[in-house]
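# Residue-level structure breakdown
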Amino acid sequence: MKSIFTFILILIFCTSFAQVKGIVSDENGNPLPFVNIYIENTYIGTTSNEKGQYELQVQNKEQVTVIFQYLGYKTQKQILNINQLPYFLDVKLKEENYSLQEVVISSKENPAIPIIRKAIAAKTVNSDKTGKFTADFYSKGIFKLKNAPKKIFGQEIGDMDGALDSTGSGIIYLSETVSKITYEKPDNLKEKIIASKISGNNNGFSYNTAQGTRFDFYDNLVELGTNMISPIADNAFSYYKYTLEGTFYDEHNQLINKIKVIPRRDVEPVFEGYIFIVEDSWAIYGIDLQTKGYRMKQEFVNTMTLTQNFSYNPNTKIWAKNIQSLHFEAGAFGILFTGKFTHVFSNYEFKDRFEKKTFTREILSFEDQANKKDNDYWNTMRPVPLTDEESIDYLKKDSIQTVRKSKPYLDSIDRKNNKFKILKVLNGYSYQNSEKNWKINYDGLLKSIYFNTVQGWNVTSNITYTKRNEDERTFTSFGTRLNYGFAEDKFRATAFFTTRLNAKNFSTLSFRAGSQAVQFNQNQPISPLLNSVATLFFKENYMKLFEKNFINASYSQEVTNGFYTSFALEYAERSPLFDQTDYTLIKNKKAYLSNNPLDPTDFENAAIEKHNLVKFNLNTRFNFGQKYLSRPDGKIPVSNDDYPTLFLGYEKGFAGNESSYNYDFVAGRIFYERSLSNKGTFGINLKGGKFFNADEISFVDYRHFNGNQINVSTENRYLNQFLQLPYYSYSTNKSYIETHFEHNFEGYIMNKIPLLNKLKSTLILGYHQLAIPDVKPYQEFTVGLDKLGFGKFKFLRLDYVRSYSGSSYIGDGFMFGMEFLGVLE
């Protein structure tokens, strides 16, 4: 009862701050959402919410002319003589009467074609008019869940902090942002967050900023997870057909053409719906377009709808986007997930140019106390009124947050969750103190049971203590990793400690010490799960291990924007290991290989002798052109795909028990990945390195390469691995050059091939090369299909691989990509 009374008071309080407010509906009384409402001859405006309710802040309290514009309805002009505030005005809009009388119908040409041609020809001019501006920006994001089950994959999802009702439905995320933006095409943006609000989190910062709202249909491509073709792109006629459905005049007596947009091929990255074009200027008047998830290569998305409303100012003669709405529906397993973002742009000031230092690498910052604005502020500044459902959600979740952050509640939840049951010895157990934000976690014995021929069946478990500071995004974690191999009857343990000192430069300090059985290639190219399957079922024991007893200290941080460095110092004793079992699940005459990577047929001798060494590593990373978001709780880097990433490293081995183990090694790497218009994404990874004074170093310290002989990969891209290269046949202590190219067409070719386009998959071409001294270069050529599967579940990839030594053919085969298997480890 108290909550209901409080809610009534809030509604009364909100009303007292309203200026011009009311409901916009059609002639039958049905509310019209996202109506473009603005003051005539200005860029001051707002929009209606899902219930048709609106609020408009006015400066002139005597007389003001307000425009109500909605796609498909006649624009209405209201001249208001305001004598008191709030001023109530309900508006009913009539459906537009479209006419084709202004169009000369020709049997030779579709009348929509010349309009689209002229819009394409004029789009650069129209785009340049809105190319530089400052504006006020408001964003509201809301996610809803419907019919969620009690459990997903055996895990209870609960009520999600009070979001879900008994049917598993409700608002799971609601947030608002108010900011000031400065923008220059194509990609210069500076945004200052004035206010940020998240339902149920009075200390959070909303992520729905202007950064992700630049859906510009004057550009050839519109970024929606993938590059979608604009209906007025230069090559639009290759992707769309058009129909002129009618014309009408707006309030400025300008003729508007309503054109239906029809995809030529369903599976391509295209839209369908309507685009409204202004006669003579050929500017965009409005957008009402939809696309399907499979067109965006987002299989779990059902539909995505994007609407935009533009307003005209006769003083500037510019059509500017005032209102934008993005709505999507997604789902799987019978669960429906919906999301909606409402964006309002107002108070435009268009510029001829900006001062030189207007734009920097910082693209987002927050005003002090931006997430602490009270209800007075939001009731005054919010341009789009909340629906009753949204108001109740804020009230309910803020109240729930107060309760759920209280010590008695947190203690009661901890008492429930911390209860110990005997099965948790196998399944894992956690003990936490929610008030002080620390947790002890034990992984259990069933999550990491694997098999290899050195240890036999082996089980690994971690015990970890973690304490977090959510306000500063820092943490401290320490614990131990325990491993026991049954065939060798040996127990190994390591201890670890990691602390992030701050989230401004990501400075992180770590210590590790203990004993491990590790692969000679410490990039771990063979996953324990895949090795277990290959060994137990096919007797392919490719994983080669040695024992390392070590102590290690490392430190990393961002030195300056985009420049990262890390240091590590390690003392290690390395010892050989031998196969201890020939057990297999599937009996056959095939013999296991030895644990010697230099000679898999030698069961008597090892690849290394027991020795010790100290290693020092210095690694740097340059993210050229990196931009970043500045939040009060830290920094968030934003990569710039105009530039590559450069890695440089130096490694020194010293203080070995024999001087022949000492060496120096330098390496470099360039990684670059870029979207090529609508032709897909191209990636390149170039590596090179050279040893000095390393003729007799341990095989452990050779440069090993990420081969694959199991023919299964859990990676989503093959830019850091070979698909058929034997794991250790090209290992070197001299020098090397390694090259990986891969181009994912993202449907560009496959979408155009009859029958094959039904697969809704993507074509990928690749090339992999390795050159070391005194050996012919190794090469692989690959062609593959990604996004294979059934319905929404397209997690598979299949590549055909053909390998060569120099120009001599070695062999061919297939690589099966199963990225989802990585989740199981």
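Everything below is about the structure shown above.
In short, a report on the structure.

### Let's talk about the overall build of the protein
- The helix and strand inventory of the protein stands at seven helices and 44 strands.
- For 825 residues, the compact-globule formula gives about 28 Å, and the C-alpha radius of gyration of the protein, at 31 Å, lands near that figure.
- Judged by the C-alpha coordinates and their principal axes, the protein covers about 100 × 75 × 55 Å.
- Residue pairs in contact within the protein that sit at least 24 positions apart in sequence constitute 61% of those at least 6 positions apart.
- For the protein, the exposed area adds up to about 39,300 Å²; of that, 55% sits on carbon and sulfur atoms.

### Notes on the nonpolar core
- Of all hydrophobic cores here, the largest spans 50 residues; its most connected members are Tyr240, Tyr242 and Ile259.
- When contributions to this core are tallied by element, the ones reaching two or more residues are helix H2 (112–129), strand S15 (227–229), strand S16 (240–249), strand S17 (255–263), strand S18 (272–278), strand S19 (284–292), strand S20 (301–313) and strand S21 (318–332).
- Once you skip the residues sitting within four places of it in the chain, Tyr240 turns out to touch Ile229, Ser230, Pro231, Val261, Ile262, Pro263, Arg264, Val270 and Phe271.
- Membership of the second largest hydrophobic core comes to 36 residues, among which are Phe546, Leu577, Leu613 and Phe699.

### Considering the pairing of strand S41 (residues 762–771)
- Counting buried residues in S41 gives seven out of ten residues, a clear majority hidden from the surface.
- Relative to S41, strand S40 (residues 735–744) runs antiparallel, the two sharing eight bridges. Its bridge partner being in S41, His740 is matched across the sheet by His768.
- Pairing between S41 and strand S42 (residues 778–790): nine bridges, direction antiparallel.

### A word on the sheet that holds strand S5 (residues 63–69)
- Taken in spatial order, the four strands of this open sheet run S3-S2-S5-S6, and their pairing is antiparallel. On the outer flanks of this sheet lie strand S3 (45–47) and strand S6 (76–81), each paired with one strand and no other. Across the sheet, the mean angle from the axis of one strand to that of its neighbour is 20 degrees, orientation sign disregarded.
- Examined bridge by bridge, S5 and S6 share six bridges and lie antiparallel to one another. Opposite Val66, over in S6, you have Gln78 as the bridge partner.

### Considering H2
- A rise of 1.5 Å per residue sets the reference length of H2, with its 18 residues, at 26 Å; its end C-alpha atoms lie 24 Å apart and thus fit the reference within 8%.
- Along H2, the sharpest kink reaches roughly 50 degrees, centred on Ala122.
- Listed as buried for H2 are Ala112, Ile113, Ile115, Ile116, Ala119, Ile120, Ala122, Lys123, Asn126 and Ser127.
- On the buried face of H2, the contacting elements are S16, S17 and S18.

### With respect to the pairing of S17
- A large share of S17 lies buried, amounting to seven of its nine residues.
- Between S16 and the antiparallel strand that follows it, S17, lie five residues; Asn253 among them carries a positive phi value of about 60 degrees.
- One ladder, built from six bridges, connects S17 with S18; its direction is antiparallel. Looking across to S18, one finds that Val261 is bridged to Gly273.

### Examining the environment of Phe215
- With respect to the helices and strands, Phe215 occurs in the loop between strand S13 (188–198) and strand S14 (221–223).
- Residue class for Phe215 comes out buried when judged on its relative accessible area of 7%.

### Here we look at the packing of aromatic side chains
- Throughout the structure, instances matching the rule amount to 55 aromatic pairs.
- Plain terms: the ring middles of Phe682 and Phe741 are 6.1 Å apart, the flat faces sit at 35 degrees to each other, and that makes the pair tilted. Of this pair, Phe682 sits in strand S38 (residues 681–692) while Phe741 sits in strand S40, and the two are 59 residues apart along the sequence.
- When the centroid spacing of 5.9 Å and the interplanar angle of 85 degrees are considered together, the rings of Phe781 and Tyr804 count as edge-to-face.

### Observations concerning helix H4 (residues 388–404)
- Spanning 17 residues, H4 covers 24 Å between terminal C-alpha atoms, matching the ideal 24 Å at 1.5 Å per step.
- Those residues of H4 that fall on the buried side of the exposure criterion are Glu390, Ser391, Asp393, Tyr394, Leu395, Lys397, Ile400 and Gln401.

### A closer look at the pattern of salt bridges
- In the structure shown here, the tally under the stated rule is 40 salt bridges.
- With its nearest N and O atoms 2.9 Å apart, the salt bridge here joins Glu558 to Lys635. A residue pair is termed long-range when its members are at least 10 positions apart, and Glu558 in strand S31 (residues 545–560) and Lys635 in strand S35 (residues 634–638) qualify at 77 residues. Of the two residues, Glu558 and Lys635, neither departs from the other in class, the shared state being buried.

### Points about the environment of Thr360
- Positionally, Thr360 belongs in the loop between strand S22 (335–350) and strand S23 (362–366).
- Linking Thr360 and Lys190, residues 170 residues apart in sequence, is a C-alpha distance of 7.9 Å.
- Within the local environment of Thr360, its side chain forms a polar contact with the backbone nitrogen of Glu362, the two atoms lying 3.2 Å apart.

Scoring rules and cut-offs
- Residues numbered from 1 in each chain as written.
- Predicted model: local features only at pLDDT ≥ 70, side-chain atom pairs only at ≥ 80, totals over all residues.
- Heavy atoms only, no water.
- Helix = DSSP H or I, 4+ residues; strand = E, 2+ residues; numbered from the N terminus.
- Rg over C-alpha atoms; globule rule 2.2 N^0.38 Å.
- Contact = heavy atoms within 4.5 Å.
- Areas by Shrake-Rupley, 256 points an atom, 1.4 Å probe, with all protein chains shown as cover.
- Core = buried A, V, L, I, M, F, W, Y, C linked by side-chain atoms within 4.5 Å.
- Buried < 20%, exposed > 50% of the residue type's maximum accessible area, 1.4 Å probe, protein only.
- Pairing = 2+ DSSP bridges.
- Axes fitted to C-alpha atoms, helices over the stretch in contact; angles between N-to-C directions.
- Expected span 1.5 Å × (residues − 1).
- Bend = angle between axes of the 7 residues up to and from the residue.
- Phe/Tyr/Trp six-rings, centres within 6.5 Å; stacked < 30°, edge-to-face > 60°.
- Salt bridge = Lys/Arg side-chain N within 4 Å of Asp/Glu carboxyl O.
- Polar contact = N/O pair within 3.5 Å; in protein donor to acceptor, adjacent residues only side chain to side chain.

Shape is all these values report; function is a separate question.
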